[in-house]
Structures are given as C-alpha cells and as structure tokens.
Amino acid sequence: MKGPKPLTVVIKLGTSSIVDEKTHEPLLSILTLIVETAVKLRKDGHKVIIVSSGAIGVGLRRMDVEKRPKHLSKLQALAAIGQCRLISLWDSLFGHLRQPISQILLTRNDIADRTRYLNAQNTIMELLEMGVIPIVNENDTLAVAEIKFGDNDTLSAITAAMVHANFLFLMTDVDCLYDKNPRTHPDAQPIEVVEDIGAIRADVSSAGSSLGTGGMSTKIVAARLATSAGVTTVITKSSSPGNIVKIVRYLQARKKHASSQPSPISGEEAEDPLSRSTASLALDAIEKPPLHTRFLPLSQPIRDRYFWILHGLAPHGTIYIDVGAHRALSDKAGLLPVGVVDVEGNFAQQEAVRLVVVEKRSEPGLDGKLWEGPGVEVGRALVNYAAPEIARIKGHRSTRIESLLGYADSEYVADRDSVSLLRRESRPVTPVLDKVNENGGGVAAYENDISL
C-alpha cells in the first residue's frame, strides 16, 4: 500500500525562538526540539527547509553587547560574528542525529536578479534531493535598507514559493491568531482556518521582540505571499515545535480518509444513518491537531516566473491603464500603448512597474490628467520601453511607435509573459473549524481536495 505523498515543509524561526531576549543565550531546549521535529519529518519522507533568524542576537551574546545597536555597520558586523556561531550551533545539534545541513544566505538582490534567483532555486532543490536540510537566512552582513527583505517572515514566504513547498510554518509566541489580543481579553476567540486573508478580522497588535524585526502583521503579509503561490501557511507556537509533525500527520490522515471514501451515492443509501455514522466515526478517529491557524492556498496559485515578477522585484514606477487594457491582459493579451493612460516614475527598459487601472476621462481635467479616481493596482510588469518612451507613445496605436520614437523594439509596452496579475479571490473567512464542520462542507471539503 502506498504511503502518504512526501511533502516539502518550510519552518520559519524568529530571533525570539532562538535566543533569550534579555541574556541573548541560545534557547537550547527549543532548538533541540526543532532539530528533533525536522528529523522526524525527514524520517516520514518529507523535505525540510529551516529559515532561521538570530545571527545578530547570537552576535550580541558573543561580544557581550546588551542592546541591539542602531548603526547599520555595527549591525552588519554583529551579524557576521553571529552567523558563524549560529550555523555552527545548528550543525552541532543536527550532527547528533547524523542529519547533514547547509547554509544559504540571501538578499533581495539575489531574488531580483532572474539568473541568481534560478541558481538559488536549483541549489536548494538539489540539496533537498540529497537529503540535506538547508538553513536559510538573510545575508545581514551585506544587506542594506534598499535590498533587505525587511523580515524573515517575507524571506520564508518567498523561499517556500521558490521551491513549491506544501507547507510554511511561521513559529511565534502564541498558539494562533485571535480575534482579540488574548493577553488583555480573556474572551478572545481563536481563528483556526482562514480562507480569505483580505477579509480577516484578527488582532495583529503583537509586535516583534526587541531583537527581531517581525510581528504578527508581518506574518499575515507572509501568509498572503505564500498562499498566493499555493503554499498552505500555518501559525503555531514556537515553544512546541512538535506541533508541526502533529499538524502535518493530521492533514495527511484527513487526505487519506477522504480518498478512501466511496463515491457519493444517492437515493435511499445516501439517507442511511448507519452509513453516515460509520464515516463520521472514521473521521473522528483522526487525532485532532494542536491549536493553530491555517491559511488555505489559492485554488489557482501564481508560480515561477509570474510569482517572481509580482513579489521578487521592487517596482520602479507605475503605468496607469484603462479598463479595456486590463480586460485584454486578463484575456492573456499583451499591454499595448493604446491602453496606457499615464506613466509615473523614472524607470528603464526591462524594469518592473506597477499596473494600476484607472477611469479614463474623455478630456484632460483641471489637473491635466486624462484619468480620475484613486486607481486599483492589478499587477506588475517588466516593460519593453523606458518611462520617457512610454510617455510619448501612450494612447497611440502600435503602428505609430516607430514614427513617434524613430524605432520600434516591440508592438507591446509589456509582453504578456512579462505581466503578472494579482489574483483577487473572494472567499469567506472561517473563524473556527468546528463551526464549519457543523455546517458540512466548507473548509473540510476544501482540505479533502488539498494536494498532500
């Protein structure tokens, strides 16, 4: 009998999960549990990646510095010192269980450059095939504000999308998301499953630690990125890493149970209470996982080059387009100059820009613009022309590009394979899983169809 399908699992650990906030000493008890959890997942046949913060925190302890400095050069120096000791610590802990690891250090520049992005992707995939657990971190020694991810939650989401992971676990100091702050509101209710991040009503007031840069709000952003790429994202308690194995096994058991059920029947058999109760008992026999919040992925994920255009590149400007151009892009056509209403920013050929849909005016307004309203960002694109060139050809047919510019590199402002549109699915939020199960279908039906 075939076992469960092997999965790729990304585990993100913040600085507060790795070092003590006051003493800066490594939290060996938690780190040891993380190592044991990762090895258990490997023994279950899964591939594991750890995105680990903590280099600066470990550097503070090594140099006996009490507070995180504000100057960039000092932070980079502490990161250089701490990264050596951090990877040595991971290697030592995994070495006791004979599990090889590797170190991957990235900056946003590595993601923005397509060749380097693919090299990083190929390297990580090869390491996973070799049975190695990559330890990924931002290269704080080289990163400056302009090329930083901002926090490792974002880095973990991009890493998960890069390797087409099945799960991203964001480890934090609370069990899950709540509708209110559980520290100040005893009646706070857990949010166990989220189908639509845009409609979520949760408390995100939890800030990052004094050593880290993230908080609950950055985890929501990371979940949005990861789920758009088809990655199920989970928030769970960092002090209980064993939750990861339990959650993965629970979801696999649900999948196995769903696939073993016969096809839906109709008529008298469908109304047989004995048949229904037997199926219900089999489902109840599956051990419930620990409390956590699970963000379900989009049914039509954005992957590979399109994800890279949307989330790997920093936009250098904005192109305002009309409704007709947006409709054409949705129908898989390229962006023609006739659909461009306005240009903003100073960008070069083959740089990324935002695409914003606006309502076009028949005549320029008092502000001189041919459009009105705030506009709605609908995607990103790599352009074939620089900003001054697009400003000259906007609103004209492609046949006039050569007469306007003196040359015509392309009939399109942006080719369709260089345009990535945002997916705006409207799905209901499910605050508590039990309520969904009472109603029948909903999240339970979705999970039975999840790719495990």
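Now for a look at the structure at hand. Since this is a predicted model, take the numbers as computed values, not measurements.

1. Section: empty space enclosed by the protein
By the definition in use, this model includes two cavities of 30 Å³ or more. Looking at the second largest cavity, its volume works out to about 30 Å³. Taken together, Ala 55, Ala 79, Gln 83, Leu 105, Asn 137, Glu 138, Asn 139, Asp 140 and Thr 141 make up the full set of residues lining the second largest cavity. When contributions to the lining of the second largest cavity are tallied by element, the ones reaching two or more residues are helix H4 (72–95) and strand E4 (133–138). Partitioning the lining of the second largest cavity into residue classes produces three nonpolar, four polar and two charged.

2. Remarks on unusual backbone geometry
Positioned with a positive phi, His 164 is a non-glycine residue whose angle comes to about 55 degrees. In this fold, His 164 is placed in the loop between helix H7 (152–162) and strand E5 (167–172). Positive phi values are uncommon outside glycine, yet Lys 332 reaches one of about 75 degrees. One can find Lys 332 in the loop between helix H12 (323–330) and strand E12 (340–345). We classify Lys 332 as exposed; its relative accessible area is 60%.

3. Observations regarding the nonpolar core
Leu 168, Leu 177 and Phe 295 are the most contacted members of the largest nonpolar core, which totals 47 residues. The set of elements that each furnish at least two residues to this core consists of strand E2 (47–52), strand E3 (101–106), helix H6 (114–129), H7, E5, helix H8 (216–228) and helix H11 (304–312). Filtering out sequence-adjacent residues up to four positions away, Phe 295 remains in contact with Leu 177, Val 194, Ile 197, Ile 200, Ile 220, Ala 223, Thr 227, Val 231, Thr 232, Thr 233 and Ile 235. Of all hydrophobic cores here, the second largest spans 35 residues; its members include Ile 34, Val 58, Leu 93 and Phe 169.

4. A closer look at the pairing of strand E11 (residues 317–321)
For E11, the tally of buried residues reaches five of five residues, placing the bulk of the element in the interior. Alternating positions in E11 separate into two faces, Gly 317, Ile 319 and Ile 321 on one and Thr 318 and Tyr 320 on the other, with burial throughout. Pairing analysis gives five bridges linking E11 to E12, with the strands arranged antiparallel. Residue pairing for E12: Thr 318 is matched across the bridge by Glu 344. Here four bridges tie E11 to strand E13 (residues 352–360), and the two strands are oriented parallel to one another. Following the sheet pairing, Ile 319 is matched in E13 by Leu 355.

What counts and how
Residues numbered from 1 in each chain as written. Predicted model: local features only at pLDDT ≥ 70, side-chain atom pairs only at ≥ 80, totals over all residues. Heavy atoms only, no water. 1 Å grid on protein atoms, 1.4 Å probe; cavity = no way out; pocket = protein on both sides within 12 Å on 5 of 7 lines; lining within 4 Å. Points joined across faces, edges and corners; volume = space filled by probe spheres on them. Helix = DSSP H or I, 4+ residues; strand = E, 2+ residues; numbered from the N terminus. Nonpolar A, V, L, I, M, F, W, Y, C, P; charged D, E, K, R; others polar. Buried < 20%, exposed > 50% of the residue type's maximum accessible area, 1.4 Å probe, protein only. Core = buried A, V, L, I, M, F, W, Y, C linked by side-chain atoms within 4.5 Å. Contact = heavy atoms within 4.5 Å. Pairing = 2+ DSSP bridges.

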